[in-house]
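Here is how the chains run, residue by residue.
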Amino acid sequence: GVGLAMEATSGNAVVFDLLLDHVWDPEPEALSTWLQRYLRNRYGSRNKHTEDAWDILSVTVYARYDDFNNPSIIRRPDLHNSVINYPYGELIVALSHFLEASPQFKDI
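Each value, and the rule that gives it
Residues take numbers from 1 onward in each chain, read along the sequence in its written order. Local features in this predicted model are restricted to residues of pLDDT 70 or higher, and side-chain atom pairs are both shown and tallied only at a pLDDT of 80 or more, whereas totals for entire chains, interfaces and linings draw on every residue. Side-chain numbers come from the whole structure's heavy atoms, not from hydrogens or water. An axis is simply a line fitted to the C-alpha atoms; with a helix, the fit covers only the stretch in contact. Between two such axes, the angle follows the N-to-C directions and lies from 0 to 180 degrees. Strands here mean DSSP runs of E at least two residues long; helices mean DSSP runs of H or I at least four residues long; both are numbered from the N terminus. Orientation is classified from the angle alone, with under 35 degrees giving roughly parallel, over 145 giving roughly antiparallel, 65 to 115 giving roughly perpendicular, and any other angle giving oblique. Left-handed describes a crossing in which the near helix is turned anticlockwise from the far one by less than a right angle; the clockwise case is right-handed. By definition, residues are in contact when any of their heavy atoms lie within 4.5 Å. Three classes are used, and their members are as follows: Ala, Val, Leu, Ile, Met, Phe, Trp, Tyr, Cys and Pro are nonpolar, Asp, Glu, Lys and Arg are charged, and the others, Gly among them, are polar. By this rule, a helix spans an expected 1.5 Å times one less than how many residues it contains. Each residue is placed in one exposure class: buried if its accessible area under a 1.4 Å probe, protein chains only, is under 20% of its type's maximum, exposed if it is over 50%, and partly exposed if it falls in between. Pairing of aromatic rings covers Phe, Tyr and the six-membered ring of Trp, with a centre-to-centre limit of 6.5 Å; geometry is then stacked below 30 degrees between planes, edge-to-face above 60, and tilted otherwise. By definition, a salt bridge exists where a carboxyl oxygen of Asp or Glu is found within 4 Å of a side-chain nitrogen of Lys or Arg.

Novice: Please set out the packing of helix H3 (residues 48-59) against helix H4 (residues 89-105) residue by residue, giving values where relevant.
Specialist: With their axes 8 Å apart at the nearest point, H3 and H4 run at an angle of 155 degrees to one another. For the element pair H3 / H4, the angle class is roughly antiparallel. When you trace H3 past H4, the crossing you get is left-handed. Here H3 contributes His49, Thr50, Asp52, Ala53, Trp54, Ile56 and Leu57 to the contact with H4, which in turn contributes Glu90, Leu91, Val93, Ala94, His97, Phe98, Glu100, Ala101 and Phe105. Considering only residue class, the contact of H3 with H4 consists of 10 nonpolar, 3 polar and 3 charged.

Below, the structure is given as structure tokens:
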């Protein structure tokens, strides 16, 4: 059997799915390939805008850790000591992609 500790993934559902999808794989899969399949399963069909948004998220909030147990995506807001280790303007671009995709997924 296989088990994961949720705190090891910082409660990150995407990371949890990624780890469990590859438990028995003999070879690693490219993250971009896995992410496209994950998005198709998550949203029910492919959409260039959701893929573009997640491409941004995968190299910003889901890729940057300030320390081992404190990923940027789940940090508490702090106006005094905030450190963002990626260009946060990219999140605006990702949001625009999600908004562009929303008509296709409005009934999901």
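Still to come is the rest of the account.
Novice: Got a sec to walk through H4? Specific residues and values, please.
Specialist: Taking 1.5 Å per residue, 17 residues should reach 24 Å; H4 reaches 25 Å between its end C-alpha atoms and fits that length. Within H4, the full set of buried residues consists of Ala94, His97, Ala101 and Phe105. Where H4 is buried, its residues contact helix H2 (31-43) and H3.

Novice: Could you give an account of the packing of aromatic side chains, with specific residues and numbers?
Specialist: Within this structure, the stated rule accounts for 3 aromatic pairs. Here the aromatic rings of Trp34 and Tyr38 are separated by 4.9 Å at their centres, their planes lie at 20 degrees, and the arrangement is stacked. Taken together, the residues Trp34 and Tyr38, both in helix H2 and 4 residues apart, mark about one turn of the helix. By the burial criterion, Trp34 is buried, and Tyr38 matches it.

Novice: If you had to explain the pattern of salt bridges to someone new, which residues and values would you point to?
Specialist: Should their charged atoms come close, side chains of opposite charge can pair. Enumeration over the complete set of coordinates arrives at 3 salt bridges. Where Glu29 meets Arg37, a salt bridge forms, and the shortest distance between an N and an O atom there is 2.8 Å. Taking relative accessible area as the criterion, Glu29 reaches 27% and is therefore assigned partly exposed. Of the residues examined, Arg37 reaches a relative accessible area of 29% and is grouped as partly exposed.

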